[in-house]
Amino acid sequence: AFGALTVYIFYTTHYTIYQNILTIKSGFLFTESIDIDSIRKVTRRRRHLLTGPGFSADRLVIEYNKQDCVIIAPRLNRAFVAHLKKINPDILYKEQ
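I will try to describe carefully the structure that is included in this document. Numbering of residues begins from 1 in every chain and follows the order in which that chain's sequence is written. Local features in this predicted model are restricted to residues whose pLDDT is 70 or higher, and side-chain atom pairs enter the listing and the counts only when it is 80 or higher, whereas totals over whole chains, interfaces and linings include all residues. With hydrogens and water stripped out, all remaining heavy atoms of the structure feed into the side-chain values.

### Observations concerning the sheet that holds strand E7 (residues 92-95)
Paired strands are those between which DSSP finds at least two bridges. The way it works is that DSSP assigns letters per residue, a run of H or I at least four long becomes a helix, a run of E at least two long becomes a strand, and they are numbered from the N terminus. An order of E6-E5-E4-E7 is seen for the 4 strands of this open sheet, with the pairing classed as mixed. Here the strands that pair on one side only, and so sit at the sheet edges, are strand E6 (68-72) and E7. Averaged over all pairs of adjacent strands, the angle between strand axes in this sheet comes to 15°, irrespective of strand direction. Across 5 bridges, strand E5 (residues 59-64) lies against E6 in antiparallel orientation. By the bridge assignment, glutamate 63 is partnered in E6 with cysteine 69. All axes are obtained by fitting lines to C-alpha atoms, using only the stretch in contact for helices, and the reported angles, taken between N-to-C directions, cover 0 to 180 degrees.

### Focus on the packing of aromatic side chains
Pairing of aromatic rings covers Phe, Tyr and Trp, the last counted by its six-membered ring, and requires centre-to-centre distances within 6.5 Å; plane angles under 30 degrees mean stacked, over 60 mean edge-to-face, and any other angle means tilted. On inspection of all chains with the given rule, the structure shows 1 aromatic pair. The interplanar angle of 70° and the centroid separation of 6.1 Å between the aromatic rings of tyrosine 15 and phenylalanine 80 together place this pair among those described as edge-to-face. Taken together, the residues span a long stretch of sequence, with tyrosine 15 in strand E1 (residues 13-18) and phenylalanine 80 in helix H2 (residues 77-87) at a distance of 65 residues. Of the two residues examined, tyrosine 15 and phenylalanine 80, each falls in the buried class. Burial classes follow relative accessibility: with a 1.4 Å probe on protein chains only, a residue under 20% of its type's maximum area counts as buried, one over 50% as exposed, and anything between as partly exposed.

Take a look at the structure:
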């Protein structure tokens, strides 16, 4: 059962940018909507295995609002960040 749940979450994790809202959905367990204007910083962390909606060790840590953060793993990290920065050019980006 755990294996089936893992496969389900893997295939249903996706990220959507519509207007200025980033929506993160991972199966039926996790949904988060973030105003892109509230994103302060995006850090790319390779080999980062903290829990987050994504199945890659190459992850993005998105810090938004005053103290909120979410860890995601889009397939095309650089293009994803470039799209976010088109909407909010004040986003600080760094790699670790």
